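# A closer look at the structure
Take a look at the letters that make up each chain.
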Amino acid sequence: TYNQGQSCTVTATANTGYSFVNWTENGTQVSTNANYTFTVNGNRNLVAHFQLQTYNITVSADPTAGGSVTGGGTFNQGQSCTVTATANTGYTFVNWTENGTQVSTNASYTFTVNGNRNLVAHFQLQTYNITVSADPTAGGSVTGGGTYNQGQSCTVTATANTGYTFVNWTENGTQS
């Protein structure tokens, strides 16, 4: 209750996850300030309007050739969000990070939205071990074995010792 001519300040405080929009009276906007001050000159019925906050979830892949990511977008406060990373051929998913800190090692990461997020899915190029050997071992020497990245070229070489000739390469008993 206020006297005629007295100053009045009404204050709207948004709860977590909401933001103040405006004050209205009889459906007409009277202020966009959460603290609204006016001179009293009659009875008033003021309504503070709030809206649910929305946040942006951004997703990206590192390296971009490593795979694809989905699930980013605009979400309401408290909404569930699932981001998914799918590795391309020759790559494996490693983890999700935010600002350089690991947040999940699952390719599908589900969380409750409570702020803007910038998530990065990390992928790693697959590596393979190439093992070479000579049969019989006295027959010669072999080179070229080692660890190779997916898609990398590998050359293996067999050099026959004196008195031997190279016959063929086999893998798991099958001629290559």
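Quick summary incoming for the structure in this document. Nothing here was measured: the structure is a model prediction, and the numbers come from that model.

Taken as a whole and assessed by the stated rule, the structure comprises 7 aromatic pairs. Summarising the aromatic geometry, the rings of F20 and W23 are spaced 6.2 Å apart at their centres and angled 55 degrees between planes, so their arrangement reads as tilted. Accessibility assignment for this pair places F20 and W23 in one class, buried. Their ring planes at 75 degrees and their centres at 6.0 Å tell us that F20 and F50 sit as a pair that is edge-to-face.

With that settled, consider the pattern of salt bridges. Once the charged atoms of two side chains with opposite charge are near each other, the side chains can pair. Applying the stated criterion across every chain yields a total of 2 salt bridges. Between E25 and R44 there is a salt bridge; the shortest N-O distance is 2.7 Å. Of this pair, E25 sits in strand β2 (residues 18–25) while R44 sits in the loop between β4 (35–39) and β5 (46–52), placing them 19 residues apart in sequence. Note on E25: relative accessible area 16%, which makes it buried. Since its relative accessible area comes to 30%, R44 is described here as partly exposed.

Pairing is mixed across the open sheet formed by 5 strands, whose spatial order is β8-β6-β13-β10-β11. The open sheet has two free edges, formed respectively by β8 (73–76) and β11 (101–104), since each of these has just one partner strand. Across the sheet, the mean angle separating the axes of adjacent strands is 35 degrees when strand polarity is ignored. Sheet topology note: the strand β10 (residues 91–98)/β11 ladder contains 3 bridges and is antiparallel. Counterpart to T97 in the pairing with β11 is Q102.

Criteria and thresholds
- Residues numbered from 1 in each chain as written.
- Predicted model: local features only at pLDDT ≥ 70, side-chain atom pairs only at ≥ 80, totals over all residues.
- Heavy atoms only, no water.
- Phe/Tyr/Trp six-rings, centres within 6.5 Å; stacked < 30°, edge-to-face > 60°.
- Buried < 20%, exposed > 50% of the residue type's maximum accessible area, 1.4 Å probe, protein only.
- Salt bridge = Lys/Arg side-chain N within 4 Å of Asp/Glu carboxyl O.
- Helix = DSSP H or I, 4+ residues; strand = E, 2+ residues; numbered from the N terminus.
- Pairing = 2+ DSSP bridges.
- Axes fitted to C-alpha atoms, helices over the stretch in contact; angles between N-to-C directions.

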